[in-house]
Amino acid sequence: MSPISVRGHPGGSGRHQGADLIPKDYLRAIAVWSLVPSYMLAGGFFGWLLDRWVGWFPALTCLGLLLALALSVRDMLRLKDQW
């Protein structure tokens, strides 16, 4: 029995030559807009961990969030230029 592609035509790898299932522009937009929340979560979490270790509660969490925001904006601009 041969594998069936996405469109239901018999084929080898299951991929078709036509349009992609999800357009690349849509995936790029998702990548750009997912940077800020993911960086903020990571920066806040690592800042919180450092705060618990050092004992300066709000200081390092705020610093982690600010650093995460700066890095996410930098990466958003980099991806926008590549787009």
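The sections below set out a description of the structure shown in this document.

About the criteria used
- Residues numbered from 1 in each chain as written.
- Predicted model: local features only at pLDDT ≥ 70, side-chain atom pairs only at ≥ 80, totals over all residues.
- Heavy atoms only, no water.
- Helix = DSSP H or I, 4+ residues; strand = E, 2+ residues; numbered from the N terminus.
- Buried < 20%, exposed > 50% of the residue type's maximum accessible area, 1.4 Å probe, protein only.
- Patch = residues over 30% accessible without salt bridge, like charges linked within 9 Å, V, L, I, M, F, W, Y side chains within 5 Å.
- Areas by Shrake-Rupley, 256 points an atom, 1.4 Å probe, with all protein chains shown as cover.
- Salt bridge = Lys/Arg side-chain N within 4 Å of Asp/Glu carboxyl O.
- 1 Å grid on protein atoms, 1.4 Å probe; cavity = no way out; pocket = protein on both sides within 12 Å on 5 of 7 lines; lining within 4 Å.
- Points joined across faces, edges and corners; volume = space filled by probe spheres on them.
- Contact = heavy atoms within 4.5 Å.

Section: the environment of Ala59
Phase 1 of the analysis: One can find Ala59 in helix H2 (residues 57–82).
Phase 2 of the analysis: Judged by relative accessible area, Ala59 falls into the partly exposed class, the value being 42%.

Some words on a nonpolar patch on the surface
Phase 1 of the analysis: On the surface, a nonpolar cluster with roughly 530 Å² of combined accessible area is contributed by Leu21, Ile22, Tyr26, Leu27 and Ile30.
Phase 2 of the analysis: In this structure, Leu21 sits in the segment before helix H1 (24–54).

Some remarks on the layout of surface pockets
Phase 1 of the analysis: Empty space within the largest pocket amounts to approximately 190 Å³.
Phase 2 of the analysis: In this structure, the largest pocket is lined by Tyr39, Ala42, Gly43, Phe46, Gly47, Leu50, Leu60, Leu63, Gly64, Leu67, Ala68 and Leu71.
Phase 3 of the analysis: Contributing elements (two or more residues each) for the lining of the largest pocket: H1 and H2.

Focus on the pattern of salt bridges
Phase 1 of the analysis: A complete count under the given rule lists 2 salt bridges for this structure.
Phase 2 of the analysis: For Asp75, the salt bridge goes to Arg74, with nearest N and O atoms at 3.1 Å.
Phase 3 of the analysis: Overall, the relative accessible area of 6% leaves Asp75 in the buried class.
Phase 4 of the analysis: Connected via shared salt-bridge partners are Arg74, Asp75 and Arg78.

Concerning the environment of Phe57
Phase 1 of the analysis: Along the chain, Phe57 turns up in helix H2.
Phase 2 of the analysis: A residue is classified by how much of its surface remains accessible, and Phe57, at 53% relative accessible area, is exposed.
Phase 3 of the analysis: Residues Phe57 and Gly47 lie 10 residues apart in sequence; the distance between their C-alpha atoms is 8.9 Å.
Phase 4 of the analysis: If sequence neighbours within four positions are ignored, Phe57 has contacts with Trp48 and Asp51.

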